Amino acid sequence: MSQTIVIAEIAKGTIHPTTAELVTAANALGSAPIVIVPCTDASIADAAASIQGISKVIALKSGLFAAYDASGWATAIEAVAPSGIIVASANPQSKDLAARIAARRNIPVVQDIVAIDGGNLTSPIFSGKAMQTVSLGGDAVISVRANVFAASAQGGSADVSVVDATGDMATAVEEFLARVSTRLDVAEANIIISGGRGMGSPDNFSHLEKIADTIGAAVGASRAAVDTWDDISHSMQVGQTGKTVNPNLYIAVGISGAIQHLAGMRSSKYIVAINKDGDAPIFQHADYGIVATWEEALPVLQASLSAMMS
Amino acid sequence: MTNIVVLVKQVPDTNARIVISDDRVDLSSVKMVMSPYDEFAVETALQHREVSGGEVTAITVGGAKADKVLKDAKAIGVDNIVRIDCESFVDSNSLQSMIANAVTEIGADVVYCGKSAADTGAGSTGPGLAEHLGWASVSNVTSASFADNLSVVAPAQGGNARISVTLPAVISCDKGNLKVRKPNVKGIMQAKKAQVDVKSVSVPASSITVVSHSLPPSKPAGKTYEGGAAAAEVAQLLRDEANVI
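Quick notes on the rules
Residues numbered from 1 in each chain as written. Chains lettered and ligands numbered in written order. Predicted model: local features only at pLDDT ≥ 70, side-chain atom pairs only at ≥ 80, totals over all residues. Helix = DSSP H or I, 4+ residues; strand = E, 2+ residues; numbered from the N terminus. Buried ≥ 20, exposed ≤ 12 C-beta atoms within 10 Å, placed from the backbone. Contact = placed C-beta atoms within 7 Å. Rg over C-alpha atoms; globule rule 2.2 N^0.38 Å. Core = buried A, V, L, I, M, F, W, Y, C linked by C-beta atoms within 7 Å. Nonpolar A, V, L, I, M, F, W, Y, C, P; charged D, E, K, R; others polar. Pairing = 2+ DSSP bridges. Axes fitted to C-alpha atoms, helices over the stretch in contact; angles between N-to-C directions. Expected span 1.5 Å × (residues − 1). Parallel < 35°, antiparallel > 145°, perpendicular 65-115°, else oblique. Left-handed = near helix turned anticlockwise from the far one by under 90°. Domains from an automatic or database assignment.

### Quick notes on the overall build of chain B
And step 1. Within chain B, the secondary structure is distributed over 6 helices and 16 strands.
And step 2. Taken over the C-alpha atoms alone, chain B extends approximately 65 × 45 × 40 Å along its principal axes.
And step 3. The buried share of chain B, taken over its 245 residues, is 46%.
And step 4. Sequence separation of 24 or more characterises 72% of the internal contacts of chain B that already satisfy a separation of 6 or more.

Below, the structure written as structure tokens:
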């Protein structure tokens, strides 16, 4: 039974709820993990200590963790982690860190895990068009997809030790750039409402934005929409050459369901499809399909959701 | 003068249907192309060369069939093409150490690669290679400028940041606003004649083995409704049945 180590996911200076899912994944690998919390302020680590199923918490404190630098972070975290299987989240920054830590130890990294069965790990390949199961022959670093493993419950009380980390930054942030859009990013959202070319024009995406604002969703788009309209930015694109997402709810509006698009969103927990063509492939993947134009369906959806949220 | 390397990988066309036979992905009848993000890496590498001077070397890992992706890179404008001869499955650590050896041999100052390959989607090679080399790395870069120093834009803290990078470094490239150049007739002719520098390597051992490939589990059939008015019922089900609103 290998020692497991979880690298806590930090967002906006606090422990992200995904961390409790990583703990579940680590336990599935066979042991209660040590949770490493990279932080500038050690007090945030207390929130990790209350997750059940962990052996202890290391608050790894350094000014280094104020801004991400792959080399500096990997060096500092690797230095404090015992040997074993290291578990990180599968967001882009954590995957990057996982790859560097693995290379630093000369051990492999396996990204985007969605299932653990003993020593066998399954990840989507070809953006989810197929699955690959590998077996580990020794220590490794793995990243685990969000919203796949149940979160380990609260109520634990593990010990927290504070360790001061040192490390050199290999890159330097010159400036943070103003966000072009103030909207939630599809990669970070629990609910996504996406539009395709069936929306008719980029102006009509305002109807999607209205619903997004009502339920706290991000607005996404298909490649066809991004390629057709300059106003629909690539940062919104969901699919094999855009972002791969797995939110709790994905609402596809005017999207036919090209392989390219399905590859990026098919692992969403619930899928709603709204399309006027009842034969559109997207309906084969939808939990709830509505065969209608968006002009008919969206006002009704908007009104119902507004009533529910108020 | 800058010695620039770009990593390219041959993958199935992203529109291809993936078929499984005998627990393994069967790519025998699939059209193979340059992984989409690698096109942005090639473009960024060529833009770097235009500013700094020097040479761009494209490296791939694979069997003889992978020469095609190198010829494609050559047609777009890289100077040298190198194939690390290895057709077997290797884990990330083994792959990165082979590439690190080639990069060291070439004496590169900077390596560009796609943010992830369209087959694995892992995005491990760029940062892992950088660690093997002891270099800086920035991933998911959407734009780069090459004036006095390398300066890139990459996601940071929920937005974007402009980051200065001291070379040597590995940069993984996202789409950004780049328009990639297409090969011209002269480039295609040169690519036809170009010689691939094939490097024989002793392949380091992998500690990971592939157990199986499978198709994703298909979902049970969902509920389908006719007409926009059904959206009210669906909204209610999202709350009562799915518990996601």
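### Concerning the overall build of chain A
And step 1. Secondary structure summary: chain A contains 8 helices and 18 strands in total.
And step 2. The globule rule puts the C-alpha radius of gyration for 310 residues at 19 Å, and the 21 Å found for chain A is close to it.
And step 3. Principal axes of the C-alpha set define a box for chain A whose edges measure 60 × 45 × 35 Å.
And step 4. Looking at chain A alone, contacts between residues at least 24 apart form 64% of all its contacts between residues at least 6 apart.

### With respect to the nonpolar core
All names here are of chain A.
And step 1. Ranked by size, the top nonpolar core spans 62 residues in total, and within it Ile36, Val37, Val87 and Val141 carry the most contacts.
And step 2. It is helix α4 (residues 92-105) that contributes the most residues to this core, 6 residues altogether.
And step 3. Excluding anything up to four places from it in sequence, Val141 contacts Ile86, Ala88, Ala98, Ile101, Ala102, Ile107 and Val109.
And step 4. Of all hydrophobic cores here, the second largest spans 61 residues; its members include Ala218, Leu249, Met265 and Ala280.

### Quick word on the interface of chain B and chain A
And step 1. In this complex, chain B contributes 73 residues to the contact, which on the side of chain A involves 75 residues.
And step 2. Among the secondary structure elements, those contributing two or more residues to the side of chain B that touches chain A are α3 (92-106), α4 (125-133), β9 (136-141), β11 (150-156), β12 (159-165), β15 (208-214), β16 (223-226) and α6 (231-240) of chain B.
And step 3. The leading source of residues in the side of chain B that touches chain A is α6 of chain B, at 8 residues.
And step 4. Here the residues of the side of chain B that touches chain A sort into 34 nonpolar, 29 polar and 10 charged.
And step 5. Direction of pairing for strand β10 (residues 130-136) of chain A relative to β15 of chain B: antiparallel, over a ladder of 6 bridges. Residue pairing in the sheet places Gln132 of chain A in a bridge with His213 of chain B of β15 of chain B.

### Thoughts on the pairing of strand β7 (residues 109-113) of chain A
Residue and element names in this part refer to chain A.
And step 1. Taken across its 5 residues, β7 has 5 buried, putting it largely inside the fold.
And step 2. By the bridge criterion, 3 bridges tie β7 to strand β11 (residues 140-144) in an arrangement that is parallel. Of the residues in β11, the one forming a bridge with Val110 is Ile142.

### Some points on the sheet that holds β10 of chain A
And step 1. Judged by pairing direction, the sheet is antiparallel, and its 4 strands sit side by side in the order β8(A)-β9(A)-β10(A)-β15(B) without closing on themselves. In the strand order of this sheet, the two ends are held by β8 (115-117) of chain A together with β15 of chain B, each with one partner. Strand-to-strand twist across the sheet, computed as the mean angle between neighbouring axes with direction ignored, equals 25 degrees.

### Considerations on the sheet that holds β11 of chain A
All names here are of chain A.
And step 1. Read from one edge to the other, the open sheet built from 7 strands follows the order β7-β11-β6-β1-β4-β5-β12, with strand pairing classed as parallel. In the strand order of this sheet, the two ends are held by β7 and β12 (160-164), each with one partner. Adjacent strand axes in the sheet meet at a mean angle of 25 degrees when their direction is disregarded.
And step 2. One ladder, built from 5 bridges, connects strand β5 (residues 56-61) with β12; its direction is parallel. The residue of β12 that forms the bridge with Leu60 is Val163.
And step 3. Packing of α4 onto the sheet brings it into contact with β6 (85-89), β7 and β11, and relative to β11 it is tilted by some 175 degrees.

### Some words on helix α3 (residues 70-80) of chain A
And step 1. Within α3 of chain A, 8 of the 11 residues are buried, which leaves it mostly tucked inside the rest of the structure.
And step 2. Looking at α3 of chain A, one finds that the buried residues are Ala70, Ser71, Gly72, Trp73, Ala74, Thr75, Ala76 and Ile77 of chain A.
And step 3. Buried positions along α3 of chain A lie against β1 (4-7), β4 (34-39), β5 and α4 of chain A together with α4 and β9 of chain B.

### Let's talk about helix α8 (residues 294-309) of chain A
And step 1. The terminal C-alpha atoms of α8 of chain A lie 21 Å apart, and with 16 residues this matches the ideal 22 Å at 1.5 Å per residue to within 8%.
And step 2. Among all positions of α8 of chain A, only Trp294, Ala297, Leu298, Val300, Leu301, Ser304 and Leu305 of chain A are buried.
And step 3. The inward-facing, buried residues of α8 of chain A contact α5 (205-215), β16 (249-253), β17 (270-275) and β18 (288-291) of chain A together with α6 of chain B.

### As for the packing of helix α2 (residues 67-76) of chain B against helix α5 (residues 185-193) of chain B
All names here are of chain B.
And step 1. Running from N to C, α2 and α5 point in directions that differ by 140 degrees, and their axes come no closer than 7 Å. Relative to α5, α2 is oriented oblique. Between α2 and α5 the crossing geometry is right-handed. Mapping the contact onto sequence places Lys71, Lys74, Ala75 and Ile76 in α2 and Gly187, Ile188, Gln190 and Ala191 in α5.
And step 2. Residues that form the contact of α2 with α5 fall into these classes: 4 nonpolar, 2 polar and 2 charged.

### What about the domain arrangement of chain A?
Residue and element names in this part refer to chain A.
And step 1. What the domain assignment reports for chain A is domain 1 (4-164) and domain 2 (186-309).
And step 2. On the side of domain 2, 10 residues touch domain 1, which itself brings 8 residues to the contact.
And step 3. Split by residue class, the side of domain 1 that touches domain 2 holds 3 nonpolar, 3 polar and 2 charged.

### Digging into the packing of α3 of chain A against α4 of chain A
Residue and element names in this part refer to chain A.
And step 1. Orientation of α3 relative to α4, taken along the N-to-C sense of each, is 60 degrees, at an axis distance of 9 Å. With respect to α4, the element α3 is oriented oblique. Once α3 is placed against α4, the crossing between them reads as right-handed. Along the contact surface, α3 presents Ala70, Ser71, Trp73, Ala74, Ile77 and Glu78, while α4 presents Asp96, Leu97, Arg100, Ile101, Arg104 and Arg105.
And step 2. For the contact of α3 with α4, a count of residues per class yields 6 nonpolar, 1 polar and 5 charged.

### What to know about unusual backbone geometry
Glycine aside, a negative phi is what most residues show, and trans is what most peptide bonds show.
And step 1. In this structure, Pro168 of chain B follows Leu167 of chain B across a cis peptide bond, with omega equal to 5 degrees.
And step 2. Along the chain, Pro168 of chain B turns up in the loop between β12 and β13 (169-173).
And step 3. Of note in the backbone geometry, Lys12 of chain A takes a positive phi value of approximately 50 degrees without being a glycine.
And step 4. Within the secondary structure layout, Lys12 of chain A lies in the loop between β2 (10-11) and β3 (14-15).

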